[in-house]
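# Secondary and tertiary structure notes
Here is what each chain is made of, one letter per residue.
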Amino acid sequence: MSDCNDALHELYEFIDGELTAERRALIEGHLHRCSPCLEAYDFHAELRIVVSQKCREEVPEALRRRIASALDAEPGGTAPA
Ligand SMILES: [Zn+2]
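Worth saying up front: this structure is predicted, and the values here are computed from it rather than measured. (Residues numbered from 1 in each chain as written. Predicted model: local features only at pLDDT ≥ 70, side-chain atom pairs only at ≥ 80, totals over all residues.)

Helix and strand counts for the protein chain come out as five helices and zero strands. Starting at the N terminus and walking to the C terminus, you meet the elements of the protein chain as α-α-α-α-α. Looking at the protein chain residue by residue over its 81 residues, the buried ones come to 6%. (Helix = DSSP H or I, 4+ residues; strand = E, 2+ residues; numbered from the N terminus. Buried ≥ 20, exposed ≤ 12 C-beta atoms within 10 Å, placed from the backbone.)

Next up on the list: the nonpolar core. Judged by nonpolar contacts, Ala7, Phe14, Ile27, Cys37 and Tyr41 together constitute the single largest core of five residues. With residues up to four places along the chain from it excluded, the contact list for Ala7 reads Ile27, His30, Leu31 and Cys37. (Core = buried A, V, L, I, M, F, W, Y, C linked by C-beta atoms within 7 Å. Contact = placed C-beta atoms within 7 Å.)

This part is about the environment of Ile15. Tracing the backbone through its elements, the reader meets Ile15 in helix H2 (residues 11-16). A tally of 15 C-beta atoms within 10 Å means that Ile15 is categorised as partly exposed. If we skip the residues at most four places from it in the chain, Ile15 touches His44, Ala45 and Arg48.

Here the focus is the confidence of the model for the protein chain. Low-confidence regions, as indicated by low pLDDT, have predicted coordinates that should not be scrutinised in detail. Of the residues in the protein chain, 83% reach a pLDDT of 70 or more, and the chain-wide mean stands at 83. The element-level mean pLDDT for the protein chain is lowest in helix H5 (residues 59-73), coming to 78, with helix H3 (residues 21-33) highest at 94. (pLDDT = per-residue confidence, 0-100.)

On to the environment of Ala40. Here Ala40 lies in helix H4 (residues 35-57). Among the residues examined, Ala40 registers 16 C-beta atoms within 10 Å and is labelled partly exposed. Between the C-alpha atom of Ala40 and that of Leu11, which follows or precedes it by 29 residues, the distance is 8.6 Å.

Encoded structure:
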């Protein structure tokens, strides 16, 4: 009955490989039997990859833009007289 709750509750630890072999086997078994949980697992596993890639590639760029637009917006910054 609480299989899905258990599986979802430990999904992040499962993805991060922080569970014991015994817990992993239980959750893996559940994911094989339960497609909603497998979809949730796929979603979170993918999300994690996307997030870690975005953090590496886009944060410095976003930060640069924020700094650039902050400088642009500064009063008198664009039109020195
Ligand atoms: Zn389930």
